[in-house]
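Analysis of the macromolecular model
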Amino acid sequence: MAVLDREFKGETTVQKWKYKEGCRPCSVCIAKAMRIMRLLLNSCFRLSTTYVGLQTSLKTGFSSQILSFHLRKMVHYKMEERGKPNTLDYRIYFKTSEGKYISPFHDIPLFAGDDQENDVPTKKAKKNGNEIVFNMVVEIPRWTNAKMEIATKDPLNPIKQDVKKGKLRYVANVFPHKGYIWNYGALPQVRVETNNISSPETWEDPSHKDNDTKGCGDNDPIDVCDIGSKVCSPGEVIQVKVLGILAMIDEGETDWKIIAINVEDKDAPNINRIHDVRKLRPGYLESTVDWFKKYKVPDGKPENQFAFNGEFKDKDFAVEVIKSTHQFWKALTQKQTDGGAINCKNVSVCKSPFQCSEEEACSIVQSAPTFGISDALPEEVDKWYFLPK
C-alpha cells in the first residue's frame with residue numbers, strides 16, 4: 001500500500017508518495033486517504049476545508065475546487081464554519097484566540113497593532129519600516145470563483161457567498177484569467193459612504209459624494225487586492241502595506257480597489273509604491289484594470305469605467321482614502337449616521353450603542369446550522385469566456 005504524505009501550505013497541496021516495493025500510487029489509495037480525512041473532518045470541530053482552484057478527478061462527493069484540510073488558526077483570530085459550503089446557508093464566523101466570537105467588520109482593528117493583550121489591540125499602529133501596516137480580511141483566495149464577502153447586514157458580519165436572483169454568485173472566467181487574480185478581501189473598520197468609498201472599519205458611505213470621483217460610495221467596506229505570492233484561505237487575516245489605489249465606477253458608484261502586498265511576502269521589502277509593482281510585477285496592474293473592466297460582461301452588463309482615466313493613484317492618496325472611510329465607519333458604529341440595513345453589532349467597539357455581550361454573540365453563532373460536507377460546484381464555474389478585443 002502506498003502511503004500519502006501531504007504538506008499543506010495555504011491552498012497549495014504538495015503530495016509526497018512513499019512506496020513499498022512494487023507499489024504504485026493509484027486512485028484507490030487516494031480515495032481511501034480522502035475518506036480518512038473526511039472522517040477526521042466530522043470528528044474534529046476545528047478541521048476545515050479550503051477551496052482551491054485545482055481540479056480533481058476523484059469521485060468522492062467533494063467539490064472540484066477542493067480540498068486542503070488544515071487547522072485554520074491565525075495569530076490572533078480563528079474561524080468557525082457553519083452550514084454547507086457551496087450552499088446558501090454557509091457562513092464563516094470569526095473568534096479571538098480565546099474563543100470569543102467577534103465581528104470581522106467591526107472588532108478587527110484597521111491598523112495592525114504591535115501586539116495584542118488579551119486580544120485587545122494596542123492603540124499604537126504597527127509599522128514595517130516607515131510603512132503603516134493594515135489588517136486585511138481575506139474573503140476570496142486567488143484563482144477561485146465563489147464571490148465570498150463580509151455579510152454587512154448579518155449579525156456579527158460573517159463571510160458568506162453573495163447571492164444574485166436566488167442563486168450563489170460565481171465570478172466568470174474572462175480569458176486569460178481564471179477566477180480572481182489576487183487574494184481579494186476588505187479592510188476592517190472602514191465604510192465607503194454611498195457617495196464615497198469605504199471598507200470594514202472602513203466603510204463606503206452611500207450618502208457621501210467623493211470630491212475626486214464625483215460618485216457616491218457603494219455602502220460596503222473598501223476592497224483590497226493582495227498581490228503577494230501566497231494563496232490565502234477564506235477568512236484569513238493578514239497584514240498588508242498599501243501601495244496604491246484604483247477608482248472603479250460600478251453602475252454609477254465609486255468602488256475603490258486598494259492595491260496592497262502581504263508584509264510577509266519575500267518581495268515586500270522591495271515593493272513600496274505603485275511604480276515598484278510595475279517594475280517587479282510587470283503586467284499585473286494592466287491585468288488588474290482589464291479584469292475589473294470586463295468581469296461583469298459575461299453577465300450581460302457593460303464594461304466598468306474608471307476615474308482618473310484608469311490610472312492608479314499613489315499610496316499617499318490611498319492612505320487618505322482609508323483614513324476618511326475609517327471616520328465614516330466610526331460615525332456608523334457610534335450611531336451618528338444612518339447605516340441603513342448595515343448590522344453594527346459588535347463586542348469591543350468603545351462606547352458603541354451596538355455593543356453586545358459575549359453570551360449574545362455566542363448565541364448568534366450557535367443558532368446557525370452546523371458545518372457539513374460541501375455541495376458540488378456548478379459546471380459553469382470552470383467555463384471560459386472569450387470577449388472581442
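Here, every reference points to the structure presented above.
As a starting point, this report considers the structure included with it. (Residues numbered from 1 in each chain as written. Predicted model: local features only at pLDDT ≥ 70, side-chain atom pairs only at ≥ 80, totals over all residues. Heavy atoms only, no water.)

**Here's the deal with the overall build of the protein**
Helix and strand content of the protein: five helices and 26 strands. Every one of the 389 residues in the protein was classed for burial, and the buried ones make up 54%. By sequence separation, contacts in the protein at least 24 residues apart represent 61% of the contacts at least 6 residues apart. Carbon and sulfur atoms form 51% of the exposed surface of the protein, whose accessible area is close to 18200 Å². (Helix = DSSP H or I, 4+ residues; strand = E, 2+ residues; numbered from the N terminus. Buried < 20%, exposed > 50% of the residue type's maximum accessible area, 1.4 Å probe, protein only. Contact = heavy atoms within 4.5 Å. Areas by Shrake-Rupley, 256 points an atom, 1.4 Å probe, with all protein chains shown as cover.)

**Digging into the packing of aromatic side chains**
The tally for this structure, following the rule as stated, stands at 16 aromatic pairs. Their ring planes at 35° and their centres at 5.2 Å tell us that Tyr-180 and Tyr-184 sit as a pair that is tilted. Across the pair, Tyr-184 and Tyr-180 agree in class, each one buried. Taking 4.9 Å as the distance between ring centres and 15° as the angle between the ring planes, the aromatic pair formed by Trp-182 and Phe-292 counts as stacked. Residue Trp-182 is found in the loop between β16 (173–174) and β17 (183–186), and its partner Phe-292 is found in helix α3 (residues 284–294); the two are separated by 110 residues along the sequence. The same class applies to Trp-182 and to Phe-292, which are both buried. A network of ring pairs unites the aromatic residues Tyr-180, Trp-182, Tyr-184, Trp-291, Phe-292 and Tyr-295 as a single cluster. The ring of Trp-143 is capped by Arg-142, whose NZ or CZ atom sits 4.4 Å from the centre of that ring. One Lys or Arg, Lys-313, reaches over the ring of Phe-308 and ends 4.8 Å from the middle of that ring. (Phe/Tyr/Trp six-rings, centres within 6.5 Å; stacked < 30°, edge-to-face > 60°. Lys NZ or Arg CZ within 6 Å of the ring centre and 35° of its normal.)

**Description of the nonpolar core**
Core analysis: the biggest nonpolar cluster contains 49 residues, and Phe-94, Trp-182, Ile-227, Ile-259, Trp-291 and Phe-292 have the highest contact counts within it. The element best represented in this core is α3, accounting for five residues. Ignoring sequence-local partners within four residues, the contact set of Ile-259 consists of Cys-225, Ile-227, Val-242, Leu-243, Gly-244, Ile-274, Leu-285, Thr-288 and Phe-312. In terms of nonpolar packing, the next biggest core, distinct from the first, is built from 23 residues, Trp-256, Ile-258, Ala-318 and Ile-322 among them. (Core = buried A, V, L, I, M, F, W, Y, C linked by side-chain atoms within 4.5 Å.)

**Quick look at the environment of Glu-264**
By secondary structure assignment, the location of Glu-264 is in the loop between β23 (253–262) and α2 (274–280). We classify Glu-264 as exposed; its relative accessible area is 68%.

**Here's the deal with a nonpolar patch on the surface**
There is a patch of nonpolar side chains on the surface, built from Phe-175, Trp-384 and Phe-386 and spanning about 360 Å² of accessible area. Turning to its location among the elements, Phe-386 is positioned in the segment after β26 (384–385). (Patch = residues over 30% accessible without salt bridge, like charges linked within 9 Å, V, L, I, M, F, W, Y side chains within 5 Å. Salt bridge = Lys/Arg side-chain N within 4 Å of Asp/Glu carboxyl O.)

**Some points on the pairing of β17**
Look at any regular strand and the pattern is simple: side chains alternate between the two faces of the sheet. With burial as the criterion, each face of β17 is covered, one bearing Asn-183 and Gly-185 and the other bearing Tyr-184 and Ala-186. Pairing geometry for strand β11 (residues 131–140) and β17, over three bridges, is antiparallel. Bridge pairing in β17 links Ile-140 to Tyr-184. Alignment of β17 against strand β21 (residues 223–226), held across four bridges, turns out to be antiparallel. (Pairing = 2+ DSSP bridges.)

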